[in-house]
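# Topology and contacts: notes
Now for the letters of each chain:
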Amino acid sequence: MLDSSTVKTGKIYYEDAYRVSFSAKVLSVEGKDVVLDETVFFPEEGGQSPDRGSLSGTPVADVQIKDGYIHHILAKEPTFAEGDTVFGEIDWEHRFSNMQQHSGEHLFSGIIHSTFGYDNVGFHLSDSEVTLDFSGSLTMEEALMAEKRVNEAIAANIPSKIDFLVGADIEKATYRSKLALAGPVRVVSFPGIDACACCAPHVKRTGEIGLLKVVSVMKWRTGVRVSILCGSRALALFDREHESLTKTARFLTTSADEVYNMTVKARKENETLRAALKKAVSEVMRLKVEAVAEGDGNVCLFEENLDGAAMREAVNALAAKRGGFSGVFSGSDDAGWNFVIGTQNGDARVMCAALRDGFGARGGGRPEMVQGSVKASQKEIANLFKIVLAKA
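Read on for a plain summary of the structure. This one's a predicted model, so the numbers in the text were calculated from it and none came from an experiment. (Residues numbered from 1 in each chain as written. Predicted model: local features only at pLDDT ≥ 70, side-chain atom pairs only at ≥ 80, totals over all residues. Heavy atoms only, no water.)

This paragraph deals with the overall build of the protein chain. When its secondary structure is counted, the protein chain shows nine helices and 20 strands. Taken over the C-alpha trace, the protein chain has a radius of gyration of 33 Å; the compact-globule value for 392 residues is 21 Å, which it surpasses by more than 25%. Reported as C-alpha extents along the three principal axes, the dimensions of the protein chain are approximately 95 × 50 × 40 Å. Across the 392 residues that make up the protein chain, the buried fraction comes to 41%. Taking the contacts inside the protein chain whose residues are at least 6 apart along the sequence as the reference set, 61% of them involve residues at least 24 apart. Accessible surface, the protein chain: about 20800 Å² in total, of which carbon and sulfur atoms supply 52%. (Helix = DSSP H or I, 4+ residues; strand = E, 2+ residues; numbered from the N terminus. Rg over C-alpha atoms; globule rule 2.2 N^0.38 Å. Buried < 20%, exposed > 50% of the residue type's maximum accessible area, 1.4 Å probe, protein only. Contact = heavy atoms within 4.5 Å. Areas by Shrake-Rupley, 256 points an atom, 1.4 Å probe, with all protein chains shown as cover.)

Quick look at the structure:
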């Protein structure tokens, strides 16, 4: 059982962010929850996801900090007990990736702060994304300007500096912080670029970040949310997008530089063809409606590519011509059918209810017209149409 008078968990990652393995004494074991006297594992803290790894061969599923104690949540209950010495090891690739992202974020946020005066008011570093929330508005062009300056700082291979400030030094120092801190305050600095209060492991020199890429800039509350990727994650993004661009260029039989222009051209051609098809299908439907004899009776027509407006127009024309129930269905047996059913002297909802009961159709409307969708064959729909309306 933990006692508030005992020494809290020692943070080896403060002493050496590059330390991968360690041995430590077990202070407590409660189910899968293990607390050690010291650890290399960085917990979920400061907006950053926790380290991965294992304790004496058992995978660590989560790492949390509470009241100064770091809790290692294992994937299963351990075989060791309180008082034992365990061997721990972190996933270095995951740790280093997080260090690249977090150090890159400090450089970016520092440059935004010094250039525009905006504060970083939110930070999220998970295994899949890195987002930064700023207190003011940024354009993509401004974010890319900051990206360029960050990458210049990365190329300069600036050493990082970590200080623990206490007492009067806290008041004298200039550093960014989301919260008012009492002390001791751990400040991570990249001289000439940024100084920020932070609890996480960082790279020794900016060159280890590799590169920083702005992925997106979007409005967030009264400011903006910027997504970035650094190092290996930025390279992985480039690889994915380069592969996609290359495949698209091959498909369009053009160069990568011409993919956008070719895509715009293809889209315009597609819109022109769709408009021509819509006009032709509407004309075919008009001719089908004209071919229906006038008089009393119900009618049901099927067509492949009608939009809602053309279907409603056809139903109104059929209802005026026949006087009974008129149904127009657009689609196919495989994909399903959209429908519009109308009448001038009955309740079209009767037919909608029958389609719903018979085939699970969705839709509704007013007595004079209903519309919806149904998954059934043309033959099944036509038969049901006849049966139901014969009873009406």
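Past the structure itself, the notes keep going.
Here the focus is the packing of aromatic side chains. Inspection of the entire model under this criterion finds 11 aromatic pairs. When the ring of Tyr-18 is compared with that of Trp-92, the centres are 5.6 Å apart and the planes differ by 40°; the resulting orientation is tilted. Of this pair, Tyr-18 sits in the loop between helix H1 (12-15) and strand E2 (21-30) while Trp-92 sits in helix H2 (residues 92-116), and the two are 74 residues apart along the sequence. Between the aromatic rings of Phe-116 and Tyr-118, the centroid separation amounts to 5.8 Å while the plane-to-plane angle is 15°, which identifies the pairing as stacked. Here the aromatic cluster, defined as three or more aromatic residues joined through ring pairs, consists of Tyr-13, Tyr-14, Phe-42 and Phe-164. (Phe/Tyr/Trp six-rings, centres within 6.5 Å; stacked < 30°, edge-to-face > 60°.)

This part takes up the sheet that holds strand E12 (residues 185-190). In spatial order, the strands read E11-E12-E13; together these three strands make up an open sheet with antiparallel pairing. Of all strands in the sheet, those with a lone pairing partner are strand E11 (161-165) and strand E13 (194-197), marking the two edges. Taking the axes of each pair of neighbouring strands and ignoring which way they run, one obtains an average angle of 25° across the sheet. Relative to E12, E11 is paired through five bridges, and the arrangement is antiparallel. Considered in E12, the bridge of Ile-162 is made with Val-188. Those strands touched by H2 are E12 and E13, and its axis lies near 75° from that of E12. (Pairing = 2+ DSSP bridges. Axes fitted to C-alpha atoms, helices over the stretch in contact; angles between N-to-C directions.)

Before going further, it helps to spend a moment on the pattern of salt bridges. The final tally for this structure, using the stated rule, is 15 salt bridges. Arg-267 is the salt-bridge partner of Glu-271, the closest N and O atoms lying 3.4 Å from each other. On the criterion of helical spacing, the pair formed by Glu-271 and Arg-267 is a turn pair, its members being four residues apart in helix H6 (residues 259-291). Of the charged contacts, one joins Arg-286 and Glu-283 as a salt bridge, the two residues approaching to 2.5 Å between their closest N and O atoms. (Salt bridge = Lys/Arg side-chain N within 4 Å of Asp/Glu carboxyl O.)

Honestly, it's all geometry; don't read function into it.
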